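Here is how the chains run, residue by residue.
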Amino acid sequence: MPSFDVVSEIDKVELKNAVDNATRELTTRFDFRGVLATIEQQELSVTLTSESDFQIRQIQDIFNNHCAKRNISLAGCDIPDEPTHSGKTFSLTINFKQGIDQPLAKKITQLIKASKIKVQSSIQGDKVRVTGKKRDDLQEAIALLRQSDIEQPLQYENFRD
């Protein structure tokens, strides 16, 4: 029976490349000369550090541009509204989400069931498996999920015929 998995994953290599390229641009920018300004990555969280709130926003803009160039979606990450002030530095931590949590998985399965497409969806850990009798039905389900208003970036893998 044809099936595919709906997952939400961040490519760690591309994230590291985006951090490295943003750091490289940060060191060459004239307005950041002689200023404490860093971009550091720890697993799936990126910390931006600088001396002022305005500079944090500039660093965030640089990082967002490099993520866009690397096809990393910032839609599914946690970005605080205000940077954290500690001593004479400001820091902003961006946490990227990996996997599909239970409420989002339930929303995906309800969306598929409500569409009346002849497929079945089941939650399996941090992914959602969609099965159907016809390949066309599965492709219709993928098109439905792409058009939906789900706030997290989704990938479709393990497509079996």
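Just above sits the structure.
Described in the following lines is the structure provided in the data block.

What counts and how
- All residue numbers refer to positions counted from 1 along the written sequence of the respective chain.
- Local features in this predicted model are restricted to residues of pLDDT 70 or higher, and side-chain atom pairs are both shown and tallied only at a pLDDT of 80 or more, whereas totals for entire chains, interfaces and linings draw on every residue.
- Note: side-chain values were computed over all heavy atoms of the structure, leaving out hydrogens and water.
- Helical segments are the DSSP runs of H or I of at least four residues, strand segments are the runs of E of at least two, and each set is numbered from the N terminus.
- Only C-alpha atoms enter the radius of gyration, while the globule expectation follows 2.2 Å times N to the 0.38, with N the number of residues.
- In this scheme, a residue with accessible area under 20% of its type's maximum is buried, one over 50% is exposed, and one in between is partly exposed, where area comes from a 1.4 Å probe on protein chains only.
- Every residue pair with non-hydrogen atoms within 4.5 Å of one another is taken to be in contact.
- In this tally, Lys and Arg are treated as positive and Asp and Glu as negative; His is ignored, and so are the chain termini.
- Charge coordinates come from a single atom per side chain, which is NZ of Lys, CZ of Arg, CG of Asp or CD of Glu.
- Criterion used throughout: strands pair if DSSP finds at least two bridges between them.
- The angle between two axes is taken between their N-to-C directions and runs from 0 to 180 degrees, where each axis is a line fitted to C-alpha atoms and a helix contributes only its stretch in contact.
- To sort the angles, those under 35 degrees are grouped as roughly parallel, those over 145 as roughly antiparallel, those from 65 to 115 as roughly perpendicular, and the leftovers as oblique.
- Less than a right angle of anticlockwise turn of the near helix away from the far helix marks a crossing as left-handed, whereas a clockwise turn marks it as right-handed.
- By definition, a salt bridge exists where a carboxyl oxygen of Asp or Glu is found within 4 Å of a side-chain nitrogen of Lys or Arg.

1. What about the overall build of the protein?
Phase 1 of the analysis: A count of helices and strands for the protein gives four helices and nine strands.
Phase 2 of the analysis: In sequence order, the secondary structure elements of the protein are arranged as β-α-β-β-α-β-β-β-α-β-β-α-β.
Phase 3 of the analysis: Against the globule reference of 15 Å for 161 residues, the protein gives a C-alpha radius of gyration of 20 Å, more extended than a compact globule.
Phase 4 of the analysis: In terms of overall dimensions, the protein has C-alpha extents of about 65 × 25 × 25 Å along its principal axes.
Phase 5 of the analysis: Residues classed as buried in the protein amount to 39% of the 161 residues present.
Phase 6 of the analysis: Look at the contacts in the protein between residues 6 or more apart in sequence, and 63% of them connect residues 24 or more apart.
Phase 7 of the analysis: Between the centroid of the 22 positive side chains of the protein and the centroid of its 24 negative side chains there is a distance of 6 Å.

2. Overview of the pairing of strand β6 (residues 89-96)
Phase 1 of the analysis: Residues Phe-90, Leu-92, Ile-94 and Phe-96 line the buried face of β6, whereas the alternating positions Thr-89, Ser-91, Thr-93 and Asn-95 sit on a face that is not buried.
Phase 2 of the analysis: Here six bridges tie strand β3 (residues 45-50) to β6, and the two strands are oriented antiparallel to one another. Among the inter-strand pairings, Val-46 is bridged to a residue of β6, identified as Ile-94.
Phase 3 of the analysis: Taken together, the two bridges between strand β4 (residues 77-78) and β6 define a ladder with antiparallel strand orientation.

3. Quick look at the pairing of strand β8 (residues 127-132)
Every regular strand shows the same layout, with side chains that alternate between the two sheet faces.
Phase 1 of the analysis: As defined by bridge partners, strand β1 (residues 3-7) adjoins β8 across four bridges and the pair is classed as antiparallel. Bridge pairing in β8 places Ser-3 opposite Thr-131.
Phase 2 of the analysis: Note: strand β7 (residues 119-124) against β8, six bridges, orientation antiparallel. Paired with Val-119 across the strands is Gly-132, a residue of β8.
Phase 3 of the analysis: Taking the residues that link successive antiparallel strands as the turn, the β7-β8 hairpin has two residues, and the phi of Gly-125 there is positive, at about 70°.

4. Observations regarding the sheet that holds β8
Backbone hydrogen bonds are what pair the strands of a sheet, in a parallel or an antiparallel way.
Phase 1 of the analysis: Spatial strand order, β7-β8-β1-β9: four strands in an open sheet with antiparallel pairing. The open sheet terminates on both sides in strands that have one partner only, identified here as β7 and β9 (155-160). The mean angle between the axes of side-by-side strands here comes to 20°, regardless of whether they run parallel or antiparallel.
Phase 2 of the analysis: Strand contacts of helix α3 (residues 102-114): β1, β7 and β8, with the helix running at about 175° to β7, the strand carrying the most contacts.
Phase 3 of the analysis: Packing of helix α4 (residues 135-147) onto the sheet brings it into contact with β1, β7, β8 and β9, and relative to β9 it is tilted by some 175°.

5. Some remarks on the packing of helix α1 (residues 12-28) against helix α2 (residues 53-69)
Phase 1 of the analysis: Look at α1 against α2: their axes get within 9 Å of each other, and the N-to-C directions meet at 135°. By the angle between their axes, α1 is oblique relative to α2. In the packing of α1 onto α2, the handedness of the crossing is right-handed. Taking contact as the criterion, the partners of Leu-15, Ala-18, Val-19, Asn-21, Ala-22, Glu-25 and Leu-26 in α1 are, on α2, Ile-59, Ile-62, Phe-63, His-66 and Cys-67.

6. Points about the pattern of salt bridges
Phase 1 of the analysis: Applying the stated criterion to the full structure yields nine salt bridges.
Phase 2 of the analysis: Glu-43 is paired through a salt bridge with Lys-12; the nearest N and O atoms lie 4.0 Å apart. Of this pair, Glu-43 sits in the loop between β2 (38-42) and β3 while Lys-12 sits in helix α1, placing them 31 residues apart in sequence.
Phase 3 of the analysis: With its nearest N and O atoms 4.0 Å apart, the salt bridge here joins Arg-29 to Glu-25.
Phase 4 of the analysis: When its relative accessible area of 23% is taken as the criterion, Arg-29 is described as partly exposed.
Phase 5 of the analysis: Salt bridges sharing partners connect three or more residues here, namely Glu-25, Arg-29 and Asp-31.

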